[in-house]
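Observations on chain architecture
This is what each chain is made of:
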Amino acid sequence: MPVWDDLVGQEKVGEQLAAAARDADALVTAAATNAPLPEASKMTHAWLFTGPPGSGRSTAARAFAASLQCVSPDRALGGVPGCGFCDGCHTSLVGTHADVEIVRTDLLSIGVKETRDLVRRAQLSPAGGRWQVIVLEDADRLTEGAGNVLLKAVEEPAPRTVWLLCAPSIEDVLPTIRSRCRLLTLRTPPVEAVADILVRRDGIEPAVAAAAARATQGHIGRARRLATDPSARQRRAAVLKLPLRIDDIGGCLKAAQELIDTAAEDAKQLAEEVDVKETEELKAALGAAQGGRMPRGTAGVMKELEDRQKRRRTRTQRDSLDLALIDLTGFYRDVLALQLGSRLAIANVEAEDALERLARGSSPESTLRRIDAIAACRDALDRNVAPLLAVEAMTMALRAG
């Protein structure tokens, strides 16, 4: 299956990347055979993939990286690079290719130290003779200092280095960086396309896939999780009941606390799965005896790991809470659609009774104010407001309407 099949509902972007991959392959071939270089190439050294969450930014970047490393013999017969089967494509997609560095963070930001390491990596010649590809999936999490470090590498790239940056929007990247990148904007995939890929690739029942795709409004990753994880469905169902439980101040405060507790529990579960394994592996690497004391001089390394794990738990909790707020926004969006008599498809069909009850008991203006309150809560969380205070303010605003 060609790597371009992973781009769900992104036909235009796929065509642009495939054309660039063909020109990139021609450049490699010309350099190896001393043939004349192509005159007008669609290939460039830096790309910026933008689009809403769930649109497949990192998927598109990975597919392009694989096509740049494709070594399929079909290329010589006019085939498009990116077959999906050759060693170059396979190792690029699974993250083991020597010349493809995939960078993602489970922390709140990417700092200067990590970015300098990437820049040093980008100056190396490709081991396989094709391209050195750096995929930065969270370019929007670069600190200002890290962005300035990256700018130098993007301004003066090595001859065979390609930067693939991913961010929700161009505003999330420094203007000096985005001005030196070729922009590709992805759209939210159609619900039907997401349901189809869940059925074909993940073997999910069509009815379950359709319900998950509709509930997440085309977010591929969330739809897959919702379709395969019963606990995710349970948490979402609990979130959708919140609008009916905030009739008084006590209900508002209790609902806010439950949202925070659920997010904290998600972070705790991830920590239990990952932190213990990481700690044991680091202890073994540092030479600690089984169940014994750590060697001298290793306390700083262990403290650094603990700090990183703490930051990861913080981000996990925020991400889980943000996901609940997105579901809540979708709920009120459905209420507004009913109030306005819109033909827009209802995403939360399973909560239709609650939607109709709220639609009859409030006005479109109050529903818009409630949606604004959720957006204000998400903005407050981004500015590091204490989560409980932000959510309590939101639930009180939802009650007021």
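The present account deals with the structure reproduced in this document.

What counts and what doesn't
Residues numbered from 1 in each chain as written. Predicted model: local features only at pLDDT ≥ 70, side-chain atom pairs only at ≥ 80, totals over all residues. Heavy atoms only, no water. 1 Å grid on protein atoms, 1.4 Å probe; cavity = no way out; pocket = protein on both sides within 12 Å on 5 of 7 lines; lining within 4 Å. Points joined across faces, edges and corners; volume = space filled by probe spheres on them. Helix = DSSP H or I, 4+ residues; strand = E, 2+ residues; numbered from the N terminus. Nonpolar A, V, L, I, M, F, W, Y, C, P; charged D, E, K, R; others polar. Core = buried A, V, L, I, M, F, W, Y, C linked by side-chain atoms within 4.5 Å. Buried < 20%, exposed > 50% of the residue type's maximum accessible area, 1.4 Å probe, protein only. Contact = heavy atoms within 4.5 Å. Arc of directions from axis to C-beta. Phe/Tyr/Trp six-rings, centres within 6.5 Å; stacked < 30°, edge-to-face > 60°. Lys NZ or Arg CZ within 6 Å of the ring centre and 35° of its normal. Pairing = 2+ DSSP bridges. Axes fitted to C-alpha atoms, helices over the stretch in contact; angles between N-to-C directions. Right-handed = clockwise from strand over helix to strand, strands pointing away. Salt bridge = Lys/Arg side-chain N within 4 Å of Asp/Glu carboxyl O. Parallel < 35°, antiparallel > 145°, perpendicular 65-115°, else oblique. Left-handed = near helix turned anticlockwise from the far one by under 90°.

Side note on the layout of surface pockets
The computed volume of the second largest pocket comes to approximately 400 Å³. If you trace the second largest pocket, you find 17 residues lining it, with L107, E114, E304, R308 and R311 closest to the centre. For the lining of the second largest pocket, the secondary-structure elements that each account for two or more residues are strand 2 (100-103), helix 4 (112-122) and helix 12 (299-339). With 5 residues, helix 12 is the single largest residue contributor to the lining of the second largest pocket. The residue inventory of the lining of the second largest pocket, partitioned by class, reads 7 nonpolar, 1 polar and 9 charged.

Regarding the nonpolar core
L17, W47, F49, F64 and L164 are the most contacted members of the largest nonpolar core, which totals 34 residues. Put simply, the parts of the chain that give this core at least two residues each are helix 1 (11-33), strand 1 (46-50), helix 2 (57-68), strand 2, strand 3 (132-136) and strand 4 (161-167). Look past the residues within four positions of F49 in its chain and what remains in contact with it is L17, R57, A60, A61, F64, L164, L165, C166, A167, L184 and L186.

A few points about helix 9 (residues 220-228)
Within an α-helix, residues lying three or four positions from one another point in the same direction, as the helix has 3.6 residues per turn. Among the residues making up helix 9, those that are buried are I220, R222, A223, L226 and A227. The arc that holds every buried residue of helix 9, seen down its axis, measures 165°, which confines them to one face. Elements that come into contact with the buried residues of helix 9 comprise helix 7 (191-202), helix 8 (206-216), helix 10 (230-240) and helix 12.

Quick look at the packing of aromatic side chains
Scanning the entire structure with this criterion turns up 2 aromatic pairs. Residues W47 and F64 carry aromatic rings whose centres are separated by 5.0 Å and whose planes lie at 70° to one another, so their mutual orientation is edge-to-face. Residue W47 is found in strand 1, and its partner F64 is found in helix 2; the two are separated by 17 residues along the sequence. Assigned by exposure class, W47 and F64 land together as buried. An angle of 85° between the planes, with centres 5.6 Å apart, marks the rings of F331 and Y332 as edge-to-face. Considered together, F331 and Y332 belong to a single accessibility category, that of buried residues. Positioned above the aromatic ring of W131, the side-chain terminus of R160 is 5.6 Å from the ring centre. Here the basic side chain of R182 rests over the ring of W47, its NZ or CZ set 5.1 Å away from the ring centre.

Regarding the sheet that holds strand 4
Read from one edge of the open sheet, 5 strands run 2-3-4-1-5, paired in parallel fashion. The sheet is open, and its two borders are formed by strand 2 and strand 5 (182-185), each paired with just one other strand. For this sheet the average axis-to-axis angle between neighbouring strands, irrespective of direction, equals 15°. The sheet contact formed by strand 1 and strand 4 spans 5 bridges and is parallel. Opposite W47, over in strand 4, you have L164 as the bridge partner.

Points about the pairing of strand 4
Most of strand 4 is tucked away: 7 of the 7 residues are buried. What you see with strand 4 is no split at all: T161, W163, L165 and A167 on one side and V162, L164 and C166 on the other are buried throughout. The sheet contact formed by strand 3 and strand 4 spans 5 bridges and is parallel. Looking across to strand 4, one finds that V135 is bridged to L164. Read from strand 3 through helix 5 (residues 144-155) to strand 4, the crossover connection turns out right-handed.

Description of the pattern of salt bridges
Taken as a whole and assessed by the stated rule, the structure comprises 21 salt bridges. One salt bridge connects R224 with D202, and the closest N-O pair in it is separated by 3.0 Å. Of this pair, R224 sits in helix 9 while D202 sits in helix 7; the two residues are 22 residues apart in sequence, bridging distant segments of the chain. For R224, a relative accessible area of 25% gives the class partly exposed. D327 is the partner of R222 in a salt bridge, and the nearest nitrogen-oxygen pair spans 2.5 Å. On the criterion of sequence distance, the pair formed by R222 in helix 9 and D327 in helix 12 is long-range, its members being 105 residues apart. For the pair formed by R222 and D327, the shared burial category is buried. Look at the salt bridges and you will find they share partners, linking R222, R236, D327 and E350 into a network.

Describing the pairing of strand 3
Extensive coverage of strand 3 is indicated by the burial of 5 of its 5 residues. Of the two faces of strand 3, the one carrying Q132, I134 and L136 and the one carrying V133 and V135 are both buried. You can see the chain leave strand 2, run along helix 4 and come back into strand 3, and the turn it takes is right-handed.

Regarding the packing of helix 12 against helix 13 (residues 352-361)
Where helix 12 meets helix 13, the axes come as close as 9 Å, and the angle between the chain directions of the two elements is 60°. In terms of their interaxial angle, helix 12 and helix 13 are classed as oblique. Between helix 12 and helix 13 the crossing geometry is right-handed. On helix 13, the residues that touch F331, Y332, D334, V335, L338 and Q339 of helix 12 are A354, L355, E356, L358 and A359. When its residues are assigned to classes, the contact of helix 12 with helix 13 shows 8 nonpolar, 1 polar and 2 charged.

Here we look at the environment of R120
Within the secondary structure layout, R120 lies in helix 4. For the pair formed by R120 and A153, sequence separation is 33 residues and the distance between their alpha carbons is 9.0 Å.

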